[in-house]
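The residues making up each chain are set out below.
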Amino acid sequence: MISAILVMAGIGLALGAILGWASVRYRVEDDPLVEKIDAILPQTQCGQCGFPGCKPYAEAIAKGEADINKCPPGGADGVKRLAELLGVEAKPLGEGLEPKPKAIAVIDENTCIGCTLCVQACPVDAIIGAAKQMHTIIADQCTGCELCLPPCPVDCISMEVVKEDVANWKWRYPVHMMKREA
Amino acid sequence: MSRQLFTFNGGVHPEGHKAESNATPIRPMPLLPRYVVPLRQHIGAPARPLVQAGDAVLGGQMIGAPEGYVSTAAHAPTSGRVVAVAPHAVPHPSGLFDLCVVIEADGEDRSIDFQPLDWRKLDPSALRNRIREMGLAGLGGAVFPSYIKLNPSGQTLHTLILNGAECEPWITCDDRLMRERAAEIVLGIEVMAHTLGVKTILIGIEDNKPEALAAMGAAAPSGMEVVAVPTGYPGGGGKQLTYTLTGVETPTGGRSTDAGIQVFNVGTAYSLYRAVYLGEPLLSRVVTVTGHVANPGNFEARIGTPMTDLLAAAGGALDGADGEIVGGPMMGFDLMDQAAPVTKSVNCLIVKDPVRFPPRPTTLPCIRCGACARACPADLQPFEMYWFSRAKDFGKAQSYNLFDCIECGCCAYVCPSHIPLVDFFRFAKSEIWEREQEKHGADQARQRHEFKEFRLEREKREKAEKFARAAEKNKEAAATTTTDATADPDAEKKKAILQAALDRAKKAKEAVTPRNTDNLPPRVEKEIAEIEARRAQAEAKTESGEG
Amino acid sequence: MNGSPFALLANNSVTAVMFKVMAALIPGIIAHAWFFGPGIWVSLLLCTVFAIGVEALILLMRGLPLKPFLSDGSVLVTAWLLALSLPTLAPWWLYAVGIIFAVLVAKQFYGGLGQNLFNPAMVGYAALIISFPVYMTQWPAPVGLADHSPTLLEAFDLVFAGQGSISPDAFTSATVLDTWKTQVKLGKPVEDILAQPMFGWGGGKGQEFVALMYLLGGLLMLSSRLITWHVPVAFLAGLAITAGGLHLLEPARHAGVLFHLLSGGAMLGAFFIATDPVTAASTPLGKLIYAGLAGFLTAIIRGFGGYPDGVAFAVLIANVCVPFIDAYTQPRVFGHRKAGK
Ligand code: SF4
Ligand code: SF4
Ligand code: SF4
Ligand code: SF4
């Protein structure tokens, strides 16, 4: 009896030692948690999460001060990935938050008075132009955060939904025919 | 012809169905009233339209200019008038519209003057540039711009492989081309070999095409070796043919050029011949029209020929026709709209009928029988990739080397459960691509955001420093002028504030243009430049209006 | 939208695969009936009916269409394999319980066709041998050796009415594997054991021919590429090497290689049970490891375990290892660097 217990304990110890050694030996050099969270956030920098950008939100999540379901651009998929990273249950997006189709801002070049207010608002410097000149948005760099809409005194900025075309078209999830037709 | 051949694993042997269309010579097409030339016919960036609705064009005139490195030109198939540069149906699995130049033919079929190229004298890079302008792209299906493939770009190439295997069932356009125009193909191959500087030239043709083998064998000069390769799908896949002929495996994620081998389709060699010897851009290609049509065969169709006209040329679809496939039955896709035109990539149009192309039987669960793995020419484990693609666990799917899949369809062909495996792989691949792109975009956005914050911070700091410096100066000045104790601290403060305000105003004047355009990629720089130009124009207008 | 390849699909379907497997079983079944009497028809029939019934019921409950799934034939293969592993002339409910375990627990509880981790027929067998060991060791003796061999009618009677009318002792005996084990334990010399009428030239009398017929069916499947050589060869090799080694070490306790190969479920296991694609390893190397392991375990369980045959447990244990084996035996992908280069 005693010997059996001893053997079991011995095996346990040995395995524990191996596991411990392995975890030291194969430890991955990790980014700090904030970076990892920030890497999942879509970087739209829209502030819909209630923080002034993705990084502050990431910091708040890391500190446990914010829930993971506050970022509409990230959508359900983003929440899921955050949940996986943090080892918590995924949940639906928070109240009143809804993902919108990806859109980019377009400035009506004929109306723009060149006030530079939108330039200051854009978190990713996607608007170019100088004072008293008309401004233009670089489509590639616009994240669709809509932060440039409110400051514009002449309401010349509008959001255009990105349309699917031959270049960005994706293969759909194949249809299964296994379920019985109702 | 006693070359040692290598046998790749896997592969399947579907019924060939070549006899339907390979008995008759390539037929010319009548001049049509309307052509639709897509600007995105190749892999890479679409061509930039050079014409507008209303413009008159001549046959062979460039109507789309290559844009960026991986791109090539598009040309008017005949003389006439541009009626629209607008989205139009194109042969694409999505059925989405893409930008096309629609040309109404004037019936005179006049062309620009074609200038043959003296390729032996021409500098290779000049030759490549001409080829780029002639719009040459691989005609085997991948439509990679040819001029890039003709550029050894520092790599030493030793072998040129001409792909005449044509392993997909039903398709016979390369077969007919080799039978009828072997001499011209050979001339094109010579140009290729010259530009690439290769020593060995192998022409691989499946042994189910004895006539093509004979014709090419007769035309090929010494130094070109015509090799009969065993018939079997996908024996004509680039990687597979390379392996069969040389035993070299194209490294994963790389190209055969990494191993000193370049592969071209025989059709591309033919169009290169036309480009160099006749000076003619890529204006037409041979297309197989077969299946459930009255008069199956091969047609020399101009790029831009609407599919409806192509079908009509083959006598039209027979009763009971059930849609069309663009490309072969193994890798092709459903034609969504018959208005779509023939492009450089369209090698075959198959009209389906319910007997030879029955609907896919009910899909059953995977029984892990491994038939797919045995059939896979890339030695993958399709059922594992399927499992994870279906579960949308893309990381896992990738760990089973999803991106080594060439989408040949062998696995789905043999699967006893009739699982549309390739559809799953395409789905998973495009999801992964999108994610990677999103990731890339997010990274850029993060960088730009951080840069902006840094810039704001810097501006603030600079302002503060200036303020402090000014204050210091004032203090000093005050100290030197009024050394006695009558100094009024309040006045001094006021002064400093005033000075700061002045400074600010001055600085604002200096920096009327808060440039945020540092470190931009050249493409965006260009976009900005264009925008500025537009703006200058608009300004000129408004100013003249105001003045 | 349906992508390529367009349905000129190879003439191949789950149904075809399953029916070919069943066809390959037929020589063995006929031999079985020839040597052990018509009882096998009754058990085949019963298992088939029960299996279809259970499967249909569950499909209905899961809201899946009956036609494609019932006609895929996989449940029939399971039913036949179970029937061939169980003693004939046992009471009907024994078959029913076995099928319920095989189809309901082992297959459908795991998600149905293609999802199960364990070989369904072997789960049914294992469940029965644990729950009803007495019935599982009463095998009909070969025709001619028993005092009385039941006719087909009598067989039905026995199965449904219980064993009242004819005393089971009249026609059953233990299997040769069992006999060997018990008598070796009693210290009987090997020659005496083998001299008993129930032992034939190789395995059990009659049984050896049945095994050869399974071998024939297996070879048929091999030649029609239904299975690859890896599993049967590795299984039989694992069994033969282990059994041979044991025999060399202790000939008085362990029977010879031929005896092991031709008795019990060895051939059936090697060609029909271990090859079940769903539960077997899938990579070539993995198949070798998996089946070799199953063969090795069969010999070990036969040699040292308490159960009359080891195939079922050996296969089930090997099944557990499959995900692990597969994960570590992924073949080199085209274009990836050759190992060691
Ligand atoms: S809501 Fe906007 S700012 Fe907040 S994390 Fe999401 S994208 Fe970033
Ligand atoms: S341009 Fe407007 S919508 Fe786009 S990123 Fe800048 S502020 Fe956001
Ligand atoms: S062929 Fe089909 S059923 Fe067989 S393992 Fe592959 S995916 Fe599964
Ligand atoms: S489609 Fe991909 S996985 Fe399927 S056989 Fe071809 S290469 Fe292999």
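Just so it is clear, the model here is predicted, and its values are computed rather than measured.

Caption draft 1: Spatial organisation of a nonpolar patch on the surface. Residues and elements named next belong to chain C. Taken together, the side chains of Ile 26, Ile 30, Trp 41, Leu 45, Val 49, Trp 92, Leu 152, Phe 156 and Phe 160 make up a nonpolar region of the molecular surface, amounting to roughly 830 Å² of accessible area. Of all elements in the fold, only helix 1 (14-36), helix 2 (39-62) and helix 8 (152-161) reach the threshold of two or more residues within the nonpolar patch. Relative to the elements of secondary structure, Leu 45 occurs in helix 2. Using a relative accessible area of 45% as the deciding quantity, one classes Leu 45 as partly exposed.

Caption draft 2: Broad picture of the domain arrangement of chain A. All names here are of chain A. Here the domain parsing of chain A yields domain 1 (32-86) and domain 2 (101-164). Here the C-alpha centre of domain 2 lies 25 Å away from the C-alpha centre of domain 1. With four residues of domain 1 at the contact, the number on the domain 2 side is six residues. Where domain 1 abuts domain 2, roughly 330 Å² becomes buried across the two surfaces, and 61% of that area is made up of carbon and sulfur atoms. Among the residues domain 1 hides against domain 2, the three largest losses belong to Thr 44, Gln 45 and Cys 46. Together they make up 89% of the total. At the boundary of domain 1 and domain 2, one finds zero salt bridges. Summed over the shared surface of domain 1 and domain 2, the number is one residue pair in polar contact (both at pLDDT 80 or more). Taken together, the residues of the side of domain 1 that touches domain 2 sort by class into one nonpolar, three polar and no charged.

Caption draft 3: Looking closely at the site of ligand 1. The full set close to ligand 1 counts 14 residues, and Cys 46, Gly 47, Cys 49, Cys 54 and Cys 71 of chain A are the nearest of them. The class makeup of the residues in the shell around ligand 1 is nine nonpolar, five polar and no charged.

Caption draft 4: Structural detail: the packing of aromatic side chains. By the definition in use, this model includes 21 aromatic pairs over all chains. Here Trp 170 of chain B and Phe 357 of chain B contribute two aromatic rings whose centre-to-centre distance is 5.6 Å and whose plane-to-plane angle is 35 degrees, an arrangement assigned as tilted. On the criterion of sequence distance, the pair formed by Trp 170 of chain B in the loop between strand 9 (159-164) and helix 4 (173-180) and Phe 357 of chain B in the loop between strand 17 (348-351) and helix 10 (371-375) is long-range, its members being 187 residues apart. Note on accessibility: Trp 170 of chain B and Phe 357 of chain B belong to one class, buried. The rings of Tyr 173 of chain A together with Tyr 386, Phe 394, Phe 424 and Phe 427 of chain B are connected pair by pair, giving a single aromatic cluster. Of note, Lys 149 of chain B hangs over the ring of Phe 264 of chain B, and the distance from its end group to the ring centre comes to 4.6 Å. Cation over ring: Lys 392 of chain B sits above Tyr 173 of chain A, and NZ or CZ is 4.8 Å from the ring centre.

Caption draft 5: Seen up close, the interface of chain C and chain B. Chain C puts 39 residues into the contact, and the matching count from chain B is 53 residues. Both faces combined, the contact of chain C with chain B buries some 3,800 Å², and carbon together with sulfur accounts for 58% of it. For the pair chain C and chain B, the interface holds two salt bridges. The salt bridge partner of Glu 249 of chain B is Arg 332 of chain C, with a shortest N-O separation of 2.7 Å. Along the contact surface separating chain C from chain B lie nine residue pairs in polar contact (both at pLDDT 80 or more). Those elements that provide at least two residues to the side of chain C that touches chain B are helix 1, helix 3 (66-70) and helix 16 (311-328) of chain C.

Caption draft 6: A look at the packing of helix 12 (residues 230-249) of chain C against helix 14 (residues 266-273) of chain C. All names here are of chain C. Axis separation between helix 12 and helix 14 bottoms out at 8 Å; the angle between their running directions is 150 degrees. On the basis of their axis angle, the class for helix 12 and helix 14 is roughly antiparallel. In the crossing of helix 12 with helix 14, the sense of the turn from one axis to the other is right-handed. On helix 14, the residues that touch Val 231, Pro 232, Phe 235, Leu 236 and Leu 239 of helix 12 are Ala 266, Met 267, Gly 269, Ala 270 and Phe 271. Residue composition of the contact of helix 12 with helix 14, grouped by class: nine nonpolar, one polar and no charged.

Caption draft 7: Local environment of the confidence of the model for chain A. Per-residue confidence for chain A gives a mean pLDDT of 78, with 80% of residues at or over 70. Mean pLDDT in chain A bottoms out at helix 1 (residues 2-25) of chain A, which sits at 66, and peaks at helix 3 (residues 54-62) of chain A, which reaches 89.

Caption draft 8: Region of interest: the pattern of salt bridges. All told, the structure shown has 32 salt bridges over all chains when counted by the stated rule. For Arg 435 of chain B, the salt bridge identified is with Asp 77 of chain A, shortest N-O distance 3.5 Å. Linking Arg 435 of chain B in helix 14 (residues 421-481) with Asp 77 of chain A in helix 4 (residues 75-86), this pair reaches from one chain into another. Look at the salt bridges and you will find they share partners, linking Asp 38 of chain A together with Lys 439, Asp 443 and Arg 446 of chain B into a network.

Caption draft 9: Representation of helix 4 (residues 74-85) of chain C in the model. With twelve residues, helix 4 of chain C extends 17 Å from end C-alpha to end C-alpha; this agrees with the ideal 16 Å at 1.5 Å per step. Of the residues making up helix 4 of chain C, those classed as buried are Ser 74, Val 75, Leu 76, Val 77, Thr 78, Ala 79, Trp 80, Leu 81, Leu 82, Ala 83, Leu 84 and Ser 85 of chain C.

Caption draft 10: Quick peek at the confidence of the model for chain C. Residues and elements named next belong to chain C. Within chain C, residue pLDDT values average 84, and 91% of them lie at 70 or more. Of all the helices and strands in chain C, strand 2 (residues 172-173) carries the lowest mean pLDDT, 67, while helix 12 carries the highest, 93. Under the prediction, the complex receives an ipTM of 0.81, its pTM being 0.81.

Caption draft 11: Spatial organisation of the nonpolar core. Counting residues in each nonpolar core, the largest one holds 96 residues, and the members touching the most others are Leu 25, Phe 235, Phe 272 and Tyr 290 of chain C. Each residue touching Phe 235 of chain C, except ones within four places of it in the same chain, is listed here: Ala 266, Gly 269, Ala 270, Ala 274, Ala 291, Gly 292, Ala 294, Gly 295, Thr 298 and Val 311 of chain C. Leu 177, Leu 213, Leu 282 and Ile 325 of chain B belong to the second-largest nonpolar core, a separate cluster that totals 54 residues.

Caption draft 12: Summary view of the environment of Pro 123 of chain A. Tracing the backbone shows Pro 123 of chain A in the loop between helix 5 (117-121) and strand 2 (127-128). Along the chain, Pro 123 of chain A and Cys 148 of chain A lie 25 residues apart, while their C-alpha atoms are 8.9 Å from each other. With near-sequence residues (within four places) excluded, Pro 123 of chain A lies in contact with Thr 44, Gln 45, Cys 145 and Leu 147 of chain A together with Arg 448, His 449 and Lys 452 of chain B.

Caption draft 13: Examining the pairing of strand 7 (residues 80-89) of chain B more closely. Both strand 4 (residues 56-57) of chain B and strand 7 of chain B contribute to a ladder of two bridges, which runs antiparallel. In the strand pairing of strand 7 of chain B, Val 57 of chain B is matched with Gly 80 of chain B.

Caption draft 14: Region of the structure containing the sheet that holds strand 5 (residues 62-65) of chain B. All names here are of chain B. A sheet is described by the order of its strands in space; here three strands give the open sequence 3-5-6, paired in antiparallel fashion. One side of each edge strand has no neighbouring strand; the edge strands of this open sheet are strand 3 (48-49) and strand 6 (74-75). One ladder, built from two bridges, connects strand 5 with strand 6; its direction is antiparallel. If you follow Gly 64 over to strand 6, its bridge partner there is Ala 74.

Caption draft 15: Region of the structure containing the sheet that holds strand 16 (residues 333-334) of chain B. Residue and element names in this part refer to chain B. Spatially, 1-14-13-17-15-16 is the arrangement adopted by the six strands of the open sheet, whose pairing is mixed. For this open sheet the edge positions go to strand 1 (27-28) and strand 16, each flanked by a neighbour on one side alone. Looking at chain direction, strand 15 (residues 324-326) and strand 16 are connected through two bridges and run antiparallel. Bridge assignment links Ile 325 to a residue of strand 16, and that residue is Asp 334. Across the sheet, helix 4 is in contact with strand 13 (284-291) and strand 14 (297-302); its angle to strand 13 comes to roughly 125 degrees.

Conventions used here
- Residues numbered from 1 in each chain as written.
- Chains lettered and ligands numbered in written order.
- Predicted model: local features only at pLDDT ≥ 70, side-chain atom pairs only at ≥ 80, totals over all residues.
- Heavy atoms only, no water.
- Patch = residues over 30% accessible without salt bridge, like charges linked within 9 Å, V, L, I, M, F, W, Y side chains within 5 Å.
- Areas by Shrake-Rupley, 256 points an atom, 1.4 Å probe, with all protein chains shown as cover.
- Salt bridge = Lys/Arg side-chain N within 4 Å of Asp/Glu carboxyl O.
- Helix = DSSP H or I, 4+ residues; strand = E, 2+ residues; numbered from the N terminus.
- Buried < 20%, exposed > 50% of the residue type's maximum accessible area, 1.4 Å probe, protein only.
- Domains from an automatic or database assignment.
- Contact = heavy atoms within 4.5 Å.
- Buried area = accessible area lost by both parts, 1.4 Å probe.
- Polar contact = N/O pair within 3.5 Å; in protein donor to acceptor, adjacent residues only side chain to side chain.
- Nonpolar A, V, L, I, M, F, W, Y, C, P; charged D, E, K, R; others polar.
- Near = heavy atom within 4 Å.
- Phe/Tyr/Trp six-rings, centres within 6.5 Å; stacked < 30°, edge-to-face > 60°.
- Lys NZ or Arg CZ within 6 Å of the ring centre and 35° of its normal.
- Axes fitted to C-alpha atoms, helices over the stretch in contact; angles between N-to-C directions.
- Parallel < 35°, antiparallel > 145°, perpendicular 65-115°, else oblique.
- Left-handed = near helix turned anticlockwise from the far one by under 90°.
- pLDDT = per-residue confidence, 0-100.
- Expected span 1.5 Å × (residues − 1).
- Core = buried A, V, L, I, M, F, W, Y, C linked by side-chain atoms within 4.5 Å.
- Pairing = 2+ DSSP bridges.

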